[in-house]
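Summary of the model geometry
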Amino acid sequence: MRNSIYKITTFFILAALIIIISQEVLTRVIAMFLLFIFTIIEASYTFVSLSRERDQDLNRHMDEIQTHQSKIKRDKTRFLSLIDTIGSGIVLVDIDGNIKYVNREFNEYFGYKDYVGQSFTNMIDEKGLTDFIKSAYLKETTMQSELETTLKIYELIATPLFEERIFIGCIVLVHDITLIKNSEKMQKGFIADASHELRTPITAINGMSEILLRDENIEEETKREFLEIIHAEGNRLEDIVKDLMQMSRLERNSLTLRLEEVNLSEIVNEVMKSLEVEAKRSNLTLVNKAFSKTIEADRAMIYRLFSNLIKNAIAYSDQGEIKVTTEATNEELIIYVSDQGIGIPESDISSIFERFYRVDKARTRDSGGTGLGLSICKKIVELHNGKIEVSSVVDKGTTFKITLYI
Ligand code: ADP
């Protein structure tokens, strides 16, 4: 605005001067000279203001570019840290088979190396993985496979990358599926074991009842013997099914404990009372030295825990005492269930809490055990934020130690 006023004023002054001195040639020359000067000033004015505007535009553009650049940089950092913490390995390979990018998880799976810029065939030691990438290159299609190393099982997924329909490389995702696979294996093993356990009493019941039905002349005494076996095997079947149901209830993550104030000594007394006859039959003495302390726990589960442990102590002892004692510190409550029975060989100690694991199958059968008792105990203790351990000496006895963190 100021420029325009200035220009207009300059123009009028010059015009007046021209009119005044136009009579004379000299003054005409001067006037023309002044006009010439004015034109130059005018032109340079326009030029200066134009270039100033251009400079401002340029600065604005530069600012915008800088803002964009720092946004791209920020997005890239965010994207890379997201990819690093995605929980799966990622490797990006270009059309020539050179590695363009690997994320942190991939490094953790296959070792930290300077992968980028190198051919994947030289840099990845795991042959199963290089073979997989090679075939993904040949087929130029999405591929999926599994890779089993000494310690881990991985799922591999290769996705080809195209630019205007032209293959430009591929991206390979690596998921650690070891836990899933192991739990699948365990589940399959459990189903096989459970079916085997159930089949034994079913076969006995079927066999015996078939003989009774077929042979009408069977002696009374034999008939009674067979019926007793059928009855015992029926009970056994019921026990296994009950234990299986209890186990599955305990394993369900949604299970909520019915917590209440539970007096330890009272529960041990109740369990011992219910097993008194059984213990007397085997000349065993049940001793409760647990102190009368209340803890917050699921009553039914704690009852089951002591019942399983004391039943086992009775089943695997031929003489002596079965004793429950307790110890407490500020943070821990320790409960010992000990017997003076047959003991557990050192080689079996580590497997004793596995489902259906038995040291002596024949003795377990006689005792009416299902092979699930200790795994149920372990689960109950873990649900109460504790741990269970065992120490044993063959022919001297066994002690189960339960530590509850209070
Ligand atoms: P079971 O129903 O067979 O007793 P458990 O899971 O309770 O199943 O126990 C697993 C195995 O541990 C038993 O078969 C037995 O061999 C051994 N065991 C458990 N408790 C004792 C114990 N107190 N003394 C000796 N062996 C024991």
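Residues numbered from 1 in each chain as written. Predicted model: local features only at pLDDT ≥ 70, side-chain atom pairs only at ≥ 80, totals over all residues. Heavy atoms only, no water.

1. Points about the packing of helix H10 (residues 299-315) against helix H13 (residues 373-383)
- As a packed pair, H10 and H13 sit with axes 9 Å apart at the nearest point and diverge in direction by 145°. Crossing geometry of H10 relative to H13 is assigned as left-handed. Residues Met301, Arg304, Leu305, Asn308, Leu309 and Asn312 of H10 lie in contact with H13, whose contacting residues are Gly373, Leu374, Ile376, Cys377, Ile380, Val381 and Leu383.
- Tallied by class, the residues present in the contact of H10 with H13 amount to nine nonpolar, three polar and one charged. (Axes fitted to C-alpha atoms, helices over the stretch in contact; angles between N-to-C directions. Helix = DSSP H or I, 4+ residues; strand = E, 2+ residues; numbered from the N terminus. Left-handed = near helix turned anticlockwise from the far one by under 90°. Contact = heavy atoms within 4.5 Å. Nonpolar A, V, L, I, M, F, W, Y, C, P; charged D, E, K, R; others polar.)

2. A few points about unusual backbone geometry
- With a phi close to 50°, glutamate 140 is a non-glycine residue in the positive phi region.
- Its place among the elements puts glutamate 140 in the loop between helix H5 (127-139) and strand E3 (143-148).
- When its relative accessible area of 37% is taken as the criterion, glutamate 140 is described as partly exposed.
- In this structure, phenylalanine 356 is a non-glycine residue whose phi angle is positive, near 65°. (Buried < 20%, exposed > 50% of the residue type's maximum accessible area, 1.4 Å probe, protein only.)

3. Re helix H6 (residues 178-214)
- Between its terminal C-alpha atoms H6 stretches 53 Å, which fits the 54 Å expected from 37 residues at 1.5 Å a residue.
- Every buried residue of H6 is accounted for by Thr178, Phe190, Ala194, Glu197, Pro201, Ile205, Met208 and Leu212.
- Those residues of H6 hidden inside the fold are in contact with strand E4 (153-163), strand E5 (166-176) and helix H7 (220-251). (Expected span 1.5 Å × (residues − 1).)

4. Concerning the pattern of salt bridges
- Summed over all chains, the structure comprises 18 salt bridges.
- We note a salt bridge from glutamate 184 to lysine 181, for which the minimum N-O separation is 3.7 Å. A residue pair is termed a helical-turn pair when its members lie 3 or 4 positions apart in one helix, as glutamate 184 and lysine 181 do in helix H6 at three residues.
- Notably, a salt bridge pairs aspartate 243 with arginine 304, separated by 2.4 Å at the nearest N-O pair. A residue pair is termed long-range when its members are at least 10 positions apart, and aspartate 243 in helix H7 and arginine 304 in helix H10 qualify at 61 residues. An identical accessibility class is assigned to aspartate 243 and arginine 304; each is buried.
- Shared partners join several salt bridges into a network, and the residues in it are Lys71, Asp75 and Arg78. (Salt bridge = Lys/Arg side-chain N within 4 Å of Asp/Glu carboxyl O.)

5. Looking at the environment of glutamate 260
- By the element assignment, glutamate 260 lies in strand E6 (residues 259-263).
- Take glutamate 260: its relative accessible area is 37%, and that puts it in the partly exposed class.
- It is 71 Å that separates the C-alpha atoms of glutamate 260 and arginine 60, two residues lying 200 residues apart in sequence.
- Beyond its immediate chain neighbours, meaning those up to four positions away, glutamate 260 contacts Ile295, Glu296, Ala297 and Arg299.

6. Things to note about the pairing of strand E10 (residues 332-338)
- Most of E10 is tucked away, with six of its seven residues classed as buried.
- In terms of strand pairing, strand E9 (residues 320-328) meets E10 through six bridges, oriented antiparallel. Across the sheet, threonine 325 pairs through a bridge with tyrosine 336, a residue of E10.
- What sits between the antiparallel neighbours E9 and E10 is a turn of three residues.
- Bridge count between E10 and strand E12 (residues 397-405): seven bridges; the pairing is antiparallel. Across the sheet, residue tyrosine 336 finds its bridge partner in E12, namely lysine 401. (Pairing = 2+ DSSP bridges.)

7. Details of the environment of alanine 313
- Of note, alanine 313 is situated in helix H10.
- By relative accessible area, which is 3% here, alanine 313 ends up buried.
- If near-sequence neighbours (up to four positions away) are discounted, alanine 313 is found in contact with Ile322 and Asp339.

8. Some points on the sheet that holds E9
- The five strands are arranged E7-E9-E10-E12-E11 in an open sheet whose pairing can be described as mixed. Strands at the two margins of the open sheet, each flanked by one partner only, are strand E7 (284-289) and strand E11 (386-393). Averaged over all pairs of adjacent strands, the angle between their axes in this sheet comes to 15°, without regard to strand direction.
- Of the strands in this sheet, E7, E9, E10, E11 and E12 touch H10, which is tilted by about 145° from E9.
- In the packing of H13 onto the sheet, contacts are made with E11 and E12, and the angle to E11 comes to roughly 140°.

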